[in-house]
Amino acid sequence: KLKISILFNDEFGWRVDSNGKVLSKKGLSFPGITIYRDATKNKYGCMQSGKVIIEPTYDELTKSVHYIFGRNNGSKTTDIFDKKGKLLGQTEYVKFHYFIDENNRFAKEYLVAEKKEGLFILDEKFAPVSPPLTTIEALYYKRDTILFLFESKNLFGVIDQSGKVIIPAKRRAGPGSAKDI
């Protein structure tokens, strides 16, 4: 029985079988940081420029442009690190989506966390600032401002990164018809 491993470096991710045969190769969008798997512990860690910045103690390790998320099976929390491996905090959220102006990848990153109750916009301390939302889509970026089209109870509106509702969810227009809102 062949096992499949996923390997990462700064530029690519590979799916490799237990014989070392490369099954697929994909370019990555987060340069400078390498997530690796310690085969003896079967845990994931993180390196930057060949130096370990997060020890291999996680069952799951993912990253966005500015953050690294570490989680263990059975844990009710996710650890959040900066790009240098400094622990910034923990949160009860398990899945994250991020929004960033693709024209300026050094700009601030906005996190949206997912729980069974819905999607929540998070502040800088990873606390929710929005009510639970069904869907969310970035509409507008300018410096430190982002506006989101959101859905709640089958109605659409506009909310900013602080959770302030700009246009209440009263319209039935959906994503792709943001002009209607």
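Right, let's walk through the structure included here.

Description of the side chain of D82
Within the fold, D82 resides in the loop between β9 (78-81) and β10 (87-91). Here D82 sits buried without a salt bridge, and the closest side chain of opposite charge, K86, lies 5.7 Å off (N-O distance). One polar contact links the side chain of D82 to the main-chain amide nitrogen of G85, over a distance of 3.0 Å. A polar side-chain atom of D82 sits 2.8 Å from the main-chain amide nitrogen of K86. When residues no more than four places from it in sequence are discounted, the contact partners of D82 are H66, I68 and L88.

Observations concerning the pairing of strand β4 (residues 33-38)
For β4, the buried fraction is high: five of the six residues fall into the buried class. Relative to strand β5 (residues 43-48), β4 runs antiparallel, the two being bridged by six bridges. In the strand pairing of β5, Y36 is matched with G45. Linkage of β4 to β5, two consecutive antiparallel strands, is achieved through a turn of four residues, within which N42 is found at a positive phi near 55°.

What about the pairing of β9?
Neither face of β9 is exposed, since T78 and I80 on one face and D79 and F81 on the opposite face are all buried. Bridge analysis of strand β8 (residues 68-71) against β9 gives three bridges, and the strand direction is antiparallel. What sits directly across from F69, in β9, is I80. In the sheet, β9 pairs with β10 via four bridges, with the strands oriented antiparallel. Residue pairing for β10: F81 is matched across the bridge by L87. A loop of five residues connects β9 with β10, the two strands running antiparallel in sequence, and G85 in this loop sits at a positive phi of about 90°.

Conventions and cut-offs
- Residues numbered from 1 in each chain as written.
- Predicted model: local features only at pLDDT ≥ 70, side-chain atom pairs only at ≥ 80, totals over all residues.
- Heavy atoms only, no water.
- Helix = DSSP H or I, 4+ residues; strand = E, 2+ residues; numbered from the N terminus.
- Buried < 20%, exposed > 50% of the residue type's maximum accessible area, 1.4 Å probe, protein only.
- Lys, Arg positive; Asp, Glu negative; His and termini not counted.
- Salt bridge = Lys/Arg side-chain N within 4 Å of Asp/Glu carboxyl O.
- Polar contact = N/O pair within 3.5 Å; in protein donor to acceptor, adjacent residues only side chain to side chain.
- Contact = heavy atoms within 4.5 Å.
- Pairing = 2+ DSSP bridges.

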